[in-house]
Amino acid sequence: MKIACIGTGFVGVVTSAVFAKLGNQVVGLDIDEKKIDLLRQGIVPFFEPQLSELLVETQKTGNLTFTTDYSQGIKDSDIVMIMVGTPSAPDGQADLKYVFAATESLAPHLKDGAIVIVKSTVPPGTNAKVREIIKANTSVNFEMASVPEFLKEGTAVEDTLRPDRAVIGVESDRARDILVELHKPLTSNVVIMKPESAQMCKYAANNYLATRITFINQISDLCEANGADIQEVIKGIGQDKRIGAHYWYPGLGYGGSCFPKDVKEIAAYAKSINENESLFIKIDDLNSKRIGRLMAGYDKLAGGFAGKTVAVLGLSFKPNTNDTRVAPCLEVIPWLLDHGATVKATDPKAIEEIKPLLPTKVQYLNDVYETIKGASVVILLVEWDEYKTLDLSKINSLMSEPKYFIDTRNQYNASSMETAGLKYKGVGR
Ligand code: UDX
């Protein structure tokens, strides 16, 4: 099929490359010439495993091209996917200005019978406005659809190539048949529904996962107070098929480009339609205050951070990405500096990205042991593979007293740390 992908951000680049890999003719479209130039050379402006290789391969086969010209990108396309950013407006609602601007630009070039898919995360009801804009700018027949994206950063290519399901929101049998055909090579598990339901699926999935993480973080705080171990509790309740054992690892709270924004957005959306937003407000509030609360506890434990050197491991918002949006270090490091600590920090991929966002007195090192050298406290913030199998005896020999290892991702246990001569603090244990 001939597909135009508008917006070459994270979702746009991954989706273009994956559909091109499946043998479709894909045009990636963006108004940013610099970005398009880089993509043409196979350069991805962010780190995502497998993506650069896929970009080179699909451009070589001729299945993927890039352009900044709307007419060239849209005129032959059977399917047009809008994947531009939806930043939060000051009131927390999704700011749809880029979606509407892209719609205005694409409309005059639309091919008769094209299907326009809004893949950006948008509140239900957005399709109606997009349709109005298109109608005002063209007389061809077209259809609207919603196919939300559930990929995760760090595993985006795998998630897109092998999704758990494809959610397809359509208004006609024709659009259903075309989009089922398009997604068939990716999954046989296609769920068909109305576009409004598809858009709610995206909001509901992200908000449920954010709530689940917040819930287990609250339970982990109770565990700390009463001597229980959250990892044992997760094992115990996870055997219940209604609950499941995955995707609620406790820590400093959820971050990244989606959950914090989507929780605020659904709260603002609920309020805007006079529905109760209090659950979402509470989740956002608990998550936002979590780091400050835990840091105060760690400060006490370590006998005060003032005058101490602290080694921070992990500067991205999670492993396998250099995305630093709502990364825990952005709050943890300023907190440490404000409380008189000297901070050394490391990350396998995100050092250059984080530097402009943190005070200049942070010292960055590429080697994890050089980072730990001379520190009296280590804080592991991100569970990169590199940090899961550290040589604990070596760490002991490099650290100075009190030799605290704060493991905010529960990658280690107290007994192996104690054997190595380190004091250990996990989450919820
Ligand atoms: C998320 C959704 O998972 C994805 O389906 C959607 O399309 C986009 O938003 P992403 O933000 O890339 O993906 O990362 P994810 O792996 O879901 O992690 C989000 C945040 O939750 C991270 O800060 C992560 O550390 C945290 N998290 C995740 C936990 O604290 N515990 C967990 O068990 C899982």
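Student: What am I meant to see in the site of the ligand here?
Tutor: Around the ligand, the structure places 18 residues, and the nearest of them are Phe-150, Leu-151, Glu-153, Tyr-247 and Tyr-249. Calculation on the ligand without its partners gives an accessible area of 660 Å², and the protein chains cover 92% of this total. Across the shell around the ligand, the residue classes tally to 10 nonpolar, 2 polar and 6 charged. Taken domain by domain, the shell around the ligand gets at least three of its residues from each of domain 1 (2-193) and domain 2 (259-425).

Student: Could you clarify how one ought to interpret the sheet that holds strand β13 (residues 404-407) in this entry?
Tutor: The sheet built from 6 strands is open, its strands ordered β11-β10-β9-β12-β13-β14 with parallel pairing. The two strands at the open ends of the sheet, each matched to only one other strand, are β11 (363-364) and β14 (423-425). Note that β13 and β14 share 3 bridges and pair parallel. Directly across from Phe-405, in β14, lies its bridge partner Tyr-424. With respect to the sheet, helix α13 (residues 329-338) is in contact with β9 (309-313), β10 (342-346) and β12 (377-380), its orientation differing from that of β10 by roughly 155 degrees.

Student: Sorry, what's going on with the pairing of strand β1 (residues 2-6) here?
Tutor: Successive residues of a regular strand alternate their side chains across the two faces of the sheet. With 4 of 5 residues buried, β1 lies mostly within the body of the structure. In the sheet, β1 pairs with strand β2 (residues 25-29) via 5 bridges, with the strands oriented parallel. Bridge pairing links Lys-2 to Gln-25 in β2. Once you follow β1 into helix α1 (residues 10-21) and on to β2, the crossover reads as right-handed. Strand direction decides the pairing type here: β1 and strand β4 (residues 79-82), joined by 4 bridges, are parallel. Bridge pairing in β4 links Ile-6 to Ile-82.

Student: Please clarify how the nonpolar core should be interpreted in this entry.
Tutor: Buried together is how nonpolar side chains tend to be arranged in soluble globular proteins. Phe-305, Leu-315, Ile-333, Leu-336 and Ile-379 are the most contacted members of the largest nonpolar core, which has 54 residues in total. When residues of this core are assigned to their parent elements, the largest contribution, 6 residues, is made by α13. Once residues lying within four places of it in the same chain are set aside, the contact partners of Leu-336 are Met-295, Phe-305, Val-310, Val-312, Ala-341, Val-343 and Ile-379. Counting 36 residues, the second largest nonpolar core, distinct from the first, contains Ile-3, Cys-5, Met-81 and Ala-175.

Student: Looking at this model, I keep getting lost on the pairing of strand β8 (residues 190-193). Mind explaining?
Tutor: Inspection of the sheet shows strand β7 (residues 166-169) paired to β8 by 4 bridges, in the parallel sense. Each bridged residue has a counterpart across the sheet, and for Ile-168 the counterpart in β8 is Ile-192. After leaving β7, the chain enters helix α8 (residues 173-183) and then returns to the sheet as β8, a path that is right-handed.

Student: What's the story with the domain arrangement of the chain in this structure? I'm lost.
Tutor: One frequent convention defines the size of an interface as the accessible area lost when the parts assemble. Taken as a whole, the chain is organised into domain 1 (2-193) and domain 2 (259-425). Look at where the C-alpha atoms of domain 1 and domain 2 centre, and you get two points 35 Å apart. Across the boundary between the two partners, domain 1 contributes 17 residues, which contact 17 residues of domain 2. Regarding the contact of domain 1 and domain 2, the summed buried area is about 1200 Å², with carbon and sulfur atoms giving 52% of it. Taken as a group, Phe-47, Gln-93 and Glu-153 account for 46% of the area that domain 1 buries against domain 2, more than any other trio of residues on that side. Joining domain 1 to domain 2, the criterion identifies 1 salt bridge. Glu-153 is paired through a salt bridge with Arg-325; the nearest N and O atoms lie 3.7 Å apart.

Student: Explanation requested: the environment of Thr-160 in the structure shown.
Tutor: Relative to the elements of secondary structure, Thr-160 occurs in helix α7 (residues 156-161). Through-space distance from the C-alpha of Thr-160 to that of Asn-137 is 32 Å; in sequence the pair is 23 residues apart. Setting aside residues no more than four positions away along its own chain, Thr-160 makes contact with Val-14, Val-18, Glu-149, Leu-151 and Leu-186.

Student: Sorry, what's going on with the pattern of salt bridges here?
Tutor: When the charged atoms of two side chains lie near each other, side chains of opposite charge can form a pair. Enumeration over the complete set of coordinates arrives at 29 salt bridges. In this structure, Asp-159 engages Lys-152 in a salt bridge whose closest nitrogen and oxygen atoms are separated by 3.1 Å. The exposure class of Asp-159 is buried, given its relative accessible area of 17%. In this structure, the salt-bridge partner of Asp-323 is Arg-325, at a minimum N-O distance of 2.8 Å. Within this structure, Glu-153, Asp-323 and Arg-325 form a network of salt bridges that share partners.

Student: Just checking my understanding: could you explain the packing of α1 against helix α3 (residues 51-60) for this structure?
Tutor: A packed helix pair is summarised by two numbers, namely the angle formed by the two axes and the spacing between the axes. Contact geometry of α1 with α3 gives a least axis separation of 9 Å together with a crossing angle of 50 degrees. When the axis of α1 is compared with that of α3, the two are oblique. The interaxial crossing formed by α1 with α3 has left-handed handedness. Between α1 and α3, the contacting residues are Val-13, Val-14, Ala-17, Val-18, Ala-20 and Lys-21 on the first element and Leu-51, Leu-54, Leu-55, Glu-57 and Thr-58 on the second. By residue class, the composition of the contact of α1 with α3 is 8 nonpolar, 1 polar and 2 charged.

Student: Explanation requested: the packing of aromatic side chains in the structure shown.
Tutor: The geometry of an aromatic ring pair is captured by two quantities: the separation of the ring centres and the angle between the planes. Taken as a whole, this structure holds 6 aromatic pairs when the rule is applied. Seen from their ring centres, Phe-10 and Phe-46 are 5.0 Å apart, and the 35 degrees between their planes marks the pair as tilted. Residue Phe-10 is located in helix α1, and its partner Phe-46 is located in the loop between α2 (33-40) and α3; the two are separated by 36 residues in the primary sequence. With relative accessibility at 14%, the residue Phe-10 sits in the buried group. The interplanar angle of 35 degrees and the centroid separation of 6.3 Å between the aromatic rings of Tyr-203 and Tyr-269 together place this pair among those described as tilted. Placement of the pair is Tyr-203 in helix α9 (residues 195-226) and Tyr-269 in helix α11 (residues 259-272), with a sequence separation of 66 residues. The pair formed by Tyr-203 and Tyr-269 is uniform in burial state, with each residue classed as buried. The ring of Phe-150 carries the charged tip of Arg-165 above its face, separated from the ring centre by 3.6 Å.

Calculation criteria
- Residues numbered from 1 in each chain as written.
- Predicted model: local features only at pLDDT ≥ 70, side-chain atom pairs only at ≥ 80, totals over all residues.
- Heavy atoms only, no water.
- Near = heavy atom within 4 Å.
- Areas by Shrake-Rupley, 256 points an atom, 1.4 Å probe, with all protein chains shown as cover.
- Nonpolar A, V, L, I, M, F, W, Y, C, P; charged D, E, K, R; others polar.
- Domains from an automatic or database assignment.
- Pairing = 2+ DSSP bridges.
- Helix = DSSP H or I, 4+ residues; strand = E, 2+ residues; numbered from the N terminus.
- Contact = heavy atoms within 4.5 Å.
- Axes fitted to C-alpha atoms, helices over the stretch in contact; angles between N-to-C directions.
- Buried < 20%, exposed > 50% of the residue type's maximum accessible area, 1.4 Å probe, protein only.
- Right-handed = clockwise from strand over helix to strand, strands pointing away.
- Core = buried A, V, L, I, M, F, W, Y, C linked by side-chain atoms within 4.5 Å.
- Buried area = accessible area lost by both parts, 1.4 Å probe.
- Salt bridge = Lys/Arg side-chain N within 4 Å of Asp/Glu carboxyl O.
- Parallel < 35°, antiparallel > 145°, perpendicular 65-115°, else oblique.
- Left-handed = near helix turned anticlockwise from the far one by under 90°.
- Phe/Tyr/Trp six-rings, centres within 6.5 Å; stacked < 30°, edge-to-face > 60°.
- Lys NZ or Arg CZ within 6 Å of the ring centre and 35° of its normal.

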